[in-house]
Structures are given as C-alpha cells and as structure tokens.
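Spelled out from the first residue to the last, the chains are:
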Amino acid sequence: MNSDRPAGVCAVIDPEQGEHTAMELHGTLDTASFHRALHRVAEIRPGARHPGFRLLRHQDGLHSVELSGTETAPAPATVGLLADLLTAAPEPCPDDGPGAAVPGPYCRTLARTEPVTPLQQQRLADALERPGHQAEQILWRWHGPLDTARFEAAWHAVGERESVLRTAFVWDPRPRAVVFERTFTDLVRHPATTALRRTTLAARERARAFDLRRPAAVRLALLDSGPQDTPAPFTDVLLTYHRALLDSWSARLLMRECCRAYLAGGTLPGGRRRPDLGDCARRLGAQESAVAHDFWRGPAHRPPTPAPVSAPAPAPVSAAALTPVSAAVSGAGAGRPAGSGGTGVLRAALSPARSTRLAHWAARWGVAESSVLQAVWALLLYRARHNAPAPVPAPAPAPAPVPALAPASAVVGFGVDFPGRGLLLEGIEGVPGPFENALPLSVALHPALELPRLLRTLRDLVMDLSAYEWTTTGEGTTTGGFGPRSGGLLAFDCGPRPETAYGDELTTHGIRLEEQEAAGTSAGYALRLRAGHDTRRALVLTCAYDLDLVDSGTARTLLAHTVRLLRLLPVTANAATTVADVLAWMPRTATPRVPDGPAAHDTAPLVVLRGASAPTAATVCLLDAPGAPHTGHQELVRHYRGPEALTALRLTAGRQDAQADVLARLARSAGRLVLGGYSGTGALACELARQVTGPGVRTPLVVVGGADHDPGGPRSLARALQRAGAAAARP
C-alpha cells in the first residue's frame, strides 16, 4: 500500500527565488516519497532530461527542492510535474482481485507510460471544453440467472488481459497515457428496479463525470427487473465508457470477452493482449501522414459543383409526418426547446420484415444499408436547404394546394463515423480502444439526379474516405463552405456481438443475451443518428441531439422523415427515380435544418469569483486539473480568507497563447499574480507562467496542493494560496 505518504503537502514554485531553488514544500514529507516522485517523473517523461534534484529540510513542515551542483534549470513543466507528484494525496494501490480500490496516477503500480493517439488528443481536448459530451453507453438485457461475484470476477479477468482498462492519463502538460499493473472494477448492482427507475439510473450514470487520472473510464451497472416486469425476470447490463479510451466496437468486444470469462467460471485463459492500444499509438506515430494531409488540403475529396438543372417542381403529397415507432427521451423531457442543456435521445425502428426488404433493395443497387441511410440524410439536408415551411392556409371553403418550391442544385455535407481500424497492424480488429472516427463527407445533388446514381456516388465517396479513417485532419469540419461539424453525424453499428459469439453456450446455462440500445451524446455535433440491428434483425435508429442547439421537435421531425423514406424507398423507388421524385413523396411538414455543432467557447474566458478587499492585494487565478471532474471552486472560495481577488481561467485546448495574454493582463494589476490549483495542475500552471511575459510583468507564482476529491483539499489549498498571496503583495 502507498499509505506512508502524508496528505496536505503544498508546493510553491517561484522562478524569482533563485536559479537553483525549484520549489518550497509546506507540509509533512519524507525522503522516500521524494525519491518515488523522482522515479515517477522519469517514468512519465522517459525522453526528457531529468536534472539532479535534492530535498533540503529547513524545519518541521518546510522543505525546499534544489538543483544539485551546477545543474541548469529544468523545463518548467518538469518542475510542475514533480510538484503534482509530491502534493498528490495518499491513495491506496489496488490489491489483486475484483473489488479492489481505484488507484491514483501516482501509486506504486504504475507500470509504463504510453503515447496517446491523435484521436485521443482530440477527445481529451474536447473534454476540456465539453466534458459532458464524452460519455457513451451500451445496454444488454440478460435473461436468466446472473451471479454477481462471478460476473465481477469475469470483468476483472478482462481488465487483467486488456491494458485499456488499466489506463489513465497524466498531463506534463501534454497528455500521456499511463498503464497500471493491476485492474480496478467499478461495478454496482441495483435490485428490483422499475422501467422508470432504470431509465433514471442510466441517465445518472451517463451524467456522472469521469476522472481520467484514474483507470476507471469504464463503469458497469446491473439493473434488475422488478415484480411488475413479466413474464420472466431479467437484468440490464449497462456499460458506460469515456470516448477517450473506448468506442462502441471496443465496448462490444469487451462484453464478448466478459461472456467468455463468465462461462469459464470468472477466468480468462491466455496472457495479456498484444498488440494493445499502446502498440497502435506507436504505429500511428510512425504512419506516413503526408499523403493524408495532401488529401484533406486538396480537391480530391470535394465534390464537383453541380451545374444548374431545370426540373419541374414535384407535386406535393398530402401525408402526415410519420411518428417514430418507439421514442424515448433521456436527459431531457420531451418538448424542451433548444438551449435547455443536456442531451436528448429519440429512437425509432423498422420492423424485421421492412429491414430485410431494405437490405435486399440496397443490394440491388450494389450498396449497403449504410449508403441508403446516407442518401436519405443527404436528401433531407437538401430539402431543408431549399424547401420553405408550408404556410398555414387561411380559412376558406376550398383552399388551393400549397405548391412545393422547386429545389436548385446544391452540395450538402455531414459527418460519417468510420470504425477507424484500417491501420496495417495484425490483430487490430481485436484491440479495444478509441478508433471510431468522424470524417466529413460532401455530395452534390440536383433534382434530376437518379437515386441509384446517388447511392453509388455515396458508396464510392465513403470508400475513398475509408483509406484515411485513421486520420483526424478533417474531423470537426466539412468542405464546400460548411460550418464546423455541420449536417449532423451518421453512424452504423458494426463489430463483434457477444450474443452472436457465445449465444449457444449461454443458452446451455439458461441465459439469453440481447443488446437493447446504444445511447450517449451527440459526439460534438448538433445531432448524431446511429443505426444498428437488434437481435430480431430489425433496424433501430437512435438520435442523440444537443439540447443547447436542437429542440426535441426538430429532432423528432428529422427522425420521422428518415424512417418514412427508409420505408418508402424499397417499395416505391426504381432505376428511374430522381431526387425530385423522392422529395415529392415527403409530407407537407417542412424538414428542419440541422445546425452546426457547438461553437468553441470564448477564448480563455476569465471568471471573477471574488473581488479584492484591498487595493494593493495580489490576484489569485485558479486552474482546473486536466482530466478531473469539473467541480467548480465554490468550496475553496468559502475557505479563502485573504484580501486577494479570486478568478478562474477556463482552459481551452490549443489556445495557450490567448490564455497567456489573459494572464499577462492580470499580471499587470497590483501585486504579483498567483496561479493556483489542486494537485495535477502543476505542469500546466508552470507552462502558463513561463508564457506570461511583457514589459513590467513579473513571472507568476505557482501554488499546487490538496486534492479535489479529498474533503480537506479545499482548506489546504486555500491556506497555501493565502500565504502565497501575502508574499506576492509585497514588492
């Protein structure tokens, strides 16, 4: 156990204190903890130069860290990382076996440091701005007996095999993946739940923040049915994961391995998987990216601008908008307007017979069902762009029909989710990790374009993009002048299914497993439409939409129009069907536009938490620890007793220069600027302090200490900031 390191250590880093003094440490600290921290720095930054540090004791509770001999000053981030390690609260390292305590990033079981993939960097950057957009869920319904201890042991065996379940992140200040030697299982069982209770628990699990500094980016909840659920009891197995470590393919892969281990009595034969996610990251780092960059910068992936085509306006068809077969909203109530916050979820399904007919019709044109869904979505975007809402007719004995507007030629764009496993690495299909990648797709439409030609064009465009599915160059943007993440995101589920792989073996134990739903967020888009088949081979559509941008009525209409066309095309469309013909089959209800994805937050906004009570007082700026749940700073403000003004800087990935400019303006105020935060902000704070320059600007003090999850953390950090603020107020 790692219980010999006392809590309550705070570090003060003052670049003006002397070229050989790295930091002061307030609190109880022993030599063994200091040397373990030095060892961790070398593990986390294996390629960096590590100067010789020494620990000097001045009195009880006061130490300094200095450079040995004639060593030159190290990089500020190295000093900050050392401060993070020394100030981390003591945390138990996990014992072997299921049910062990979750380890922190600095316990003894840290095995190795791995690079992160470009897509992981993208997801971690998105988590800084939109932490609530990174949680995904998949639910399986388990019919038959479920032994909790055996299931937990099976999941623990999967964690021992798969390094991704033992992975966390540290920031130095760049994110790095750290792989622990032992696994941790976050599993809870809720007995006798109602359908409403299960929905509430699923939403609660999705809203619960992940702490990426600990290897617990996957959570399992077992939701038992209640007496009202007939005819036979069941248990819903809910898996919630963070998109920086897993995707839907990987979640199904892990569940398949869990079923295998459950059938084996809670054990999983074989050693640890190789290759693993770290091997994939190294392979991606060595991948030649020049060709992909040229592809995204060049015109190869841009559709030709369509020439204007004259076509008669299609006669309107009087038909009511189709209501989804099954729809449920989680995270927000039905009817909530845009701007309400949270994520809405709607579901609809085609019957198994209609789904089979759709698959056969798609095969007739040499395409898959995914191409049909993309064509339908492109048609809806096209209609939304050129068709105005039908006006409400005035009362009259015989109102004239409302003519439809003749659409013009146009290019529409939207995102397409790719499995991301096109990397040339043996066994990549069995490696769990965050590979699913959204890439922009644009296609030209005009009224006379034949539907089969549109289907084949989309098929070919997707085939071209699949060669670059491992890149992130085009993520978040589209071509043809579209805004960021415009047009929504389409995804079609694929990958291993546990019920397919081990269904027969489970049946012999009286168990039947079926996937119920795959829910989550809009993945950085205003709306994401995910399609997949259930156990009856029925096509199920799940629409997750950002309630800050899309109201539930808009999402419901878009889903209804999508289902309508998926039902109509196989029985109505033929080789001569054109875009204009398909638009004529649509109801008079207008197709709403899909807004662009959420805009970036204001550049490095500064939030004033409390004003200064003295005109000459210094300013304290608080930072959030990267990867930690955003809990705010209210508790720290409550404990702070100094006269200094308290502010908070909201971090935005990729905008370090703008953040440094904001801090430089603060540094010109009275007193000296103090950058502070809980353990984990040291490397970032030191890097920001290094960038704060300008005439008459002093380098800020950096104060790191306490733990955000420790009840005594806010009080400990507040005292350290008060001492630093008093010193900073002096000239």
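Residues numbered from 1 in each chain as written. Predicted model: local features only at pLDDT ≥ 70, side-chain atom pairs only at ≥ 80, totals over all residues. Heavy atoms only, no water.

1. Some words on the overall build of the protein
Our working definition: Going along the chain from the N terminus, every DSSP run of H or I of four or more residues is numbered as a helix, and every run of E of two or more is numbered as a strand. Accessibility here uses a 1.4 Å probe with only protein chains present; expressed as a share of the type maximum, an area under 20% marks a residue as buried, one over 50% as exposed, and anything in between as partly exposed. Only heavy atoms enter the contact rule, under which two residues are in contact if any of them lie within 4.5 Å. Residue-level accessible areas treat just the shown protein chains as cover; the underlying method is Shrake-Rupley with a 1.4 Å probe.
A tally of regular secondary structure across the protein gives 19 helices and 23 strands. Going through the 731 residues of the protein one by one, you find that 57% of them count as buried. Residue pairs in contact within the protein that sit at least 24 positions apart in sequence constitute 79% of those at least 6 positions apart. In the structure as shown, the protein presents an accessible area of about 28800 Å², 54% of it carried by carbon and sulfur atoms.

2. Points about the nonpolar core
Short version of the rule: Side-chain atoms within 4.5 Å link the members of a nonpolar core, which is a set of buried Ala, Val, Leu, Ile, Met, Phe, Trp, Tyr and Cys residues.
Residues W361, V372, W377, L454, L566 and L569 are the most contacted members of the largest nonpolar core, which totals 60 residues. Of the residues forming this core, the biggest block, ten residues, is contributed by helix α10 (residues 369–386). Residues contacting W361, with those up to four places away along its chain left out, are V372, L451, L455, L569, P570 and A573. The next biggest cluster of nonpolar side chains, apart from the first, holds 50 residues, and it includes F210, L222, L239 and L513.

3. Side note on the pattern of salt bridges
Definition in use: Criterion for a salt bridge: a side-chain nitrogen of Lys or Arg within 4 Å of a carboxyl oxygen of Asp or Glu.
A full pass over the atoms with the stated rule returns 39 salt bridges. Ionic pairing is found between R213 and D211, a salt bridge with its closest N-O pair at 2.9 Å. Taking relative accessible area as the criterion, R213 reaches 7% and is therefore assigned buried. Among the ionic pairs, R282 bridges to D279, the shortest N-O distance being 2.8 Å. Residue R282 and its partner D279 are located together in helix α7 (residues 277–285), separated by three residues, close to a single helical turn. The exposure class assigned to D279 is buried, which follows from its relative accessible area of 16%. Several salt bridges share partner residues, and in doing so they unite R252, E436, D493, R497, E499, E515 and R530 into one network.

4. Some thoughts on unusual backbone geometry
Residue P173 follows D172 across a cis peptide bond; omega there is 5°. Within the element layout of this structure, P173 appears in the loop between β7 (167–171) and β8 (175–180). Residues R274 and P275 are joined by a peptide bond in cis, for which omega reads 0°. Its identity as a non-glycine residue notwithstanding, A192 has a phi of 45°, on the positive side. Here A192 shows up in strand β9 (residues 187–193). Despite not being glycine, R537 shows a phi value in the positive range, around 65°. By secondary structure assignment, the location of R537 is in the loop between β17 (527–533) and β18 (539–546).

5. Digging into the sheet that holds strand β3 (residues 53–59)
Applied cut-off: Pairing between two strands is assigned when DSSP locates at least 2 bridges connecting them. As a rule, the C-alpha atoms of each element are fitted with a line to give its axis, helices using only the stretch in contact, and angles between N-to-C directions run from 0 to 180 degrees.
Spatially, β3-β4-β2-β1-β23-β22-β20-β21-β19 is the arrangement adopted by the nine strands of the open sheet, whose pairing is mixed. Each edge of the open sheet carries a strand with a single partner, namely β3 and β19 (606–610). With strand direction ignored, the average angle separating the axes of adjacent strands in the sheet is 25°. Both strand β1 (residues 10–13) and strand β2 (residues 21–26) contribute to a ladder of three bridges, which runs antiparallel. Pairing of V12 across the sheet is with E24, part of β2. Of the strands in this sheet, β3 and β4 (62–67) are in contact with helix α1 (residues 31–44), which crosses β3 at around 155°. Strands β1, β21 (645–649), β22 (674–677) and β23 (701–705) of the sheet are contacted by helix α18 (residues 682–691), whose axis makes an angle of about 175° with β23.

6. Observations concerning the packing of aromatic side chains
The condition that has to hold: Each pair of aromatic rings taken from Phe, Tyr and Trp, with Trp reduced to its six-membered ring, is defined by centres within 6.5 Å and is described as stacked if the planes are under 30 degrees apart, edge-to-face if over 60, and tilted in the remaining cases. Geometrically, a lysine NZ or arginine CZ counts as sitting over a ring once it is within 6 Å of the ring centre and also within 35 degrees of the ring normal.
The tally for this structure, following the rule as stated, stands at five aromatic pairs. Centroid distance W142 to Y262: 5.1 Å. Interplanar angle 80°. Geometry classified as edge-to-face. With W142 in strand β6 (residues 135–143) and Y262 in helix α6 (residues 248–263), this pair connects stretches of sequence that are 120 residues apart. For the pair W142 and Y262, a shared accessibility class is recorded, and that class is buried. Aromatic rings pair up to connect W142, F151 and Y262 into one cluster. Its guanidinium or amino end placed over the ring of F234, R141 lies 3.9 Å from that ring's centre, counting from NZ or CZ. The aromatic ring of Y262 is capped on one face by R150, whose charged end is 4.6 Å from the ring centroid.

7. Points about α18
Counting buried positions along α18 gives eight out of ten residues, so the element sits mostly inside the fold. Of all the residues in α18, the buried ones are G682, A683, L684, A685, C686, E687, L688 and A689.

8. Some thoughts on the pairing of strand β12 (residues 343–349)
Counting buried residues along β12, seven of its seven residues qualify, which places the element largely inside the surrounding structure. Burial along β12 is two-sided: the face carrying T343, V345, R347 and A349 and the face carrying G344, L346 and A348 are both buried. Pairing between β12 and β18: seven bridges, direction antiparallel. When the bridges of β18 are listed, V345 appears paired with A544.

9. Quick notes on the sheet that holds strand β15 (residues 489–492)
One open sheet accounts for six strands, arranged β12-β18-β17-β15-β13-β14; its pairing is mixed. Edge positions in the open sheet fall to β12 and β14 (437–445), since each of these has one partner strand only. Between one strand and the next, the sheet's axes are offset by a mean angle of 25°, whatever the strand orientation. Note that β17 and β18 share seven bridges and pair antiparallel. For R528, the partnering residue across the bridge sits in β18 and is A544. Contacts from α10 reach β13 (410–418), β14, β15 and β17 within the one sheet, and its direction differs from that of β13 by about 140°.

10. Description of the pairing of β14
Of all nine residues making up β14, nine are buried, and the element is well covered by its neighbours. Covered by surrounding structure in β14 are N437, L439, L441, V443 and L445 together with A438, P440, S442 and A444, the residues of both alternating faces. With nine bridges joining them, β13 and β14 adopt antiparallel strand pairing. The partner of F418 across the bridge, within β14, is N437.

11. Some details on the confidence of the model for the protein
For clarity, the cut-off: On a range of 0 to 100, pLDDT expresses the predictor's confidence in each residue.
In this model, the protein carries a mean pLDDT of 81, and residues with pLDDT of at least 70 account for 79%. By mean pLDDT, the top-scoring element of the protein is helix α9 (residues 352–364) (96), and the lowest-scoring one is helix α8 (residues 290–297) (66). Predicted confidence is poor over residues 105–109, with pLDDT under 50, and the contacts of this stretch with residues over four places away or in other chains come to 31 contacts.

12. Section: the packing of α9 against helix α14 (residues 552–572)
What counts here: An angle below 35 degrees is treated as roughly parallel, one above 145 as roughly antiparallel, one from 65 to 115 as roughly perpendicular, and anything else as oblique. In this scheme, a crossing is called left-handed if the near helix is turned counterclockwise away from the far one by less than a right angle; it is called right-handed if the turn is clockwise. Charged means Asp, Glu, Lys or Arg here, nonpolar means Ala, Val, Leu, Ile, Met, Phe, Trp, Tyr, Cys or Pro, and polar covers whatever is left, Gly included.
Here α9 crosses α14 at 60°, and the two axes come no closer than 9 Å. Judged by the angle between their axes, α9 and α14 are oblique. Here α9 runs over α14; the crossing is left-handed. For the pair α9 and α14, the contacting residues are R354, R357, L358 and W361 in the first and L566, R567, L569, P570 and V571 in the second. Its residues placed into classes, the contact of α9 with α14 shows six nonpolar, no polar and three charged.

13. Describing helix α4 (residues 148–161)
Each α-helix winds once per 3.6 residues, and so residues spaced three or four apart point in a common direction. Put simply, the rule reads: What a helix is expected to span follows from its residue count: subtract one and scale by 1.5 Å. For the purposes of these results, a polar contact is taken to be a pair of N or O atoms within 3.5 Å, where, inside protein, one atom must be able to donate a hydrogen and its partner to accept one; residues adjacent in sequence count only when each atom of the pair is a side-chain atom.
An ideal rise of 1.5 Å per residue puts 20 Å on 14 residues; α4 measures up with 20 Å between its terminal C-alpha atoms. Looking at the buried positions of α4, the neighbouring elements they touch are β6, β9, β10 (218–225), β11 (234–242) and α6. The N-cap of α4, judged by a side-chain oxygen 3.0 Å from the amide nitrogen of A149 a few residues on, is D147.

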